[in-house]
Every structure is written in C-alpha cells, then in structure tokens.
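Take a look at the letters that make up each chain.
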Amino acid sequence: MYEQKPVKIGTGIGVFGALFLLLTTILLFVVPQELMSSTASNAYIETWSQPIMTVGGFVFSVGIPLACVVIAYYLTTREYTPGSVVMGFLIGGLVFIIGNAILGVAVTNLFVSGSGVERSLLGHMQNSLPHGMRLFIGGLLGVAGALVVEEYF
C-alpha cells in the first residue's frame, strides 16, 4: 500500500537539493555581481569560486546520492514497502528537477547576464535531470541493498 512518509522524505531531499543549488548559484553569481564593487568582486571570485564549486559539486555528486542510499535502506528495513520508498524517491527527484528549474529561471532572469546563459524553463529542467536522476537512483540502490541484505544475510 502507498505510504506518505517516504514521499515526504523524498520530497524533502528534493527541496533541499534545489535550495542548496540556489545557494551555490547565489554565492557564485549574485553576490559578486550585485553586492560588490568590481575590485571586490574580482577578489571574491578569485578567492571563493573554486571552494564553492568544489563543495557544491561534492554535495551533488556524492553527498545527496549517498544520503538517498542510506535513507532508502533505512526506510526499507523498517515498516515501509520497497514500492513506497522507490515512489518517494522518484517524486523527490521530480520535485528537485521542477524546483531547480523554477528557481534557476528566476535567478538567471533576475541576476545573471551574458551570452550563453540558459534562460528557458525547459533548458533548466534538462540541466537538472542528471541531478534528479541521481536522487532517484540513490533511492533505488538503497532499496536494492536492503532487499539483498534481507534475503541473503
């Protein structure tokens, strides 16, 4: 039967991911362009762009998928069915893709200028697809791991 807690958890992870990406974008683009003089902006970009991109990339490439694996494993080993856990992480991935696209369009159109900047909602959704799929695949791996442990150990 369908259960709401895995969906709420998956949605929460999706919202967290979209807001974290928004924070990374604000720190990389909005702060130096809108809040600083050109001299301070250049110093800020030289000093902070690499650490911000490194931490942001680690969170999206490793941190969120690993958290999804652990959380999905935990939910599956408790009272939730594998189907409801997978559905929760699928919905979480979709929430991330849609939320990130909406936030990306808003921030891009308000604060980021230049050629080659993606401004369409569909383009932002396409760029968010790999991150949303990592969230879903992390949930699948956690469920699969729980089922393997239950079956063989």
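Definitions and cut-offs
Residues numbered from 1 in each chain as written. Predicted model: local features only at pLDDT ≥ 70, side-chain atom pairs only at ≥ 80, totals over all residues. Heavy atoms only, no water. Helix = DSSP H or I, 4+ residues; strand = E, 2+ residues; numbered from the N terminus. Contact = heavy atoms within 4.5 Å. Areas by Shrake-Rupley, 256 points an atom, 1.4 Å probe, with all protein chains shown as cover. Lys, Arg positive; Asp, Glu negative; His and termini not counted. Charge placed at Lys NZ, Arg CZ, Asp CG, Glu CD. Buried < 20%, exposed > 50% of the residue type's maximum accessible area, 1.4 Å probe, protein only. Patch = residues over 30% accessible without salt bridge, like charges linked within 9 Å, V, L, I, M, F, W, Y side chains within 5 Å. Salt bridge = Lys/Arg side-chain N within 4 Å of Asp/Glu carboxyl O. Axes fitted to C-alpha atoms, helices over the stretch in contact; angles between N-to-C directions. Parallel < 35°, antiparallel > 145°, perpendicular 65-115°, else oblique. Left-handed = near helix turned anticlockwise from the far one by under 90°. Nonpolar A, V, L, I, M, F, W, Y, C, P; charged D, E, K, R; others polar. Core = buried A, V, L, I, M, F, W, Y, C linked by side-chain atoms within 4.5 Å.

**Q** Outline the overall build of the chain, supporting the account with residue identities and numerical values.
**A** A tally of helices and strands in the chain yields four helices and zero strands. Ordered by position from the N terminus, the helices and strands of the chain form the series α-α-α-α. Taken over the C-alpha atoms alone, the chain extends approximately 60 × 30 × 20 Å along its principal axes. Summarising the internal contacts of the chain: among those between residues at least 6 apart in sequence, 76% fall at separations of at least 24. Element-wise, carbon and sulfur atoms account for 71% of the exposed surface of the chain, whose accessible area totals about 8,800 Å². On the chain, the mean spot of the 5 positive side-chain charges and the mean spot of the 7 negative ones are 4 Å from each other.

**Q** Give me the side chain of Ser128: which residues, what numbers.
**A** Residue position: Ser128 is located in helix 4 (residues 121-152). Under the relative-accessibility criterion, Ser128 is labelled buried at 1%. The contacts of Ser128, once residues within four sequence positions are left out, are Phe96, Ile97, Asn100 and Ala101.

**Q** Now, about the side chain of Ser41: what can you tell me, with residues and values included?
**A** Assignment of secondary structure puts Ser41 in helix 2 (residues 38-77). For Ser41, a relative accessible area of 9% corresponds to the buried category. Excluding anything up to four places from it in sequence, Ser41 contacts Pro32 and Met36.

**Q** Describe a nonpolar patch on the surface, naming the residues involved and giving the relevant values.
**A** Taken together, the side chains of Met87, Leu90, Leu94, Ile98, Ile102 and Leu121 define a hydrophobic patch exposed on the protein surface, amounting to about 500 Å² of accessible area. In this structure, Leu94 sits in helix 3 (residues 82-111). The class for Leu94 is partly exposed, based on a relative accessible area of 44%.

**Q** Go over the packing of helix 1 (residues 4-34) against helix 3 with me, naming the residues and quoting the values.
**A** Relative orientation of the contacting elements helix 1 and helix 3 amounts to 20°, with a least axis distance of 7 Å. When the interaxial angle is binned, helix 1 and helix 3 end up roughly parallel. The interaxial crossing formed by helix 1 with helix 3 has right-handed handedness. Across the contact of helix 1 with helix 3, the residue classes break down as 17 nonpolar, 11 polar and one charged.

**Q** So what's going on with the packing of helix 2 against helix 4? Residues and values would help.
**A** Remark: helix 2 packs on helix 4, axes separated minimally by 7 Å, with the N-to-C direction vectors making an angle of 35°. Here helix 2 and helix 4 pass one another in a crossing that is right-handed. The segment helix 2 lies against helix 4, with Phe60, Ser61, Ile64, Pro65, Cys68, Val69, Ala72, Tyr73, Thr76 and Thr77 engaging His131, Arg134, Leu135, Gly138, Gly139, Leu141, Gly142, Val143, Gly145, Ala146, Leu147 and Val149. Of the residues belonging to the contact of helix 2 with helix 4, the class tally is 13 nonpolar, eight polar and one charged.

**Q** Lay out the nonpolar core in plain terms, naming residues and giving numbers.
**A** Residues Ile64, Val85, Phe89, Phe96 and Leu135 are the most contacted members of the largest nonpolar core, which totals 17 residues. In terms of residues, this core owes the most to one element, helix 2, which gives six residues.

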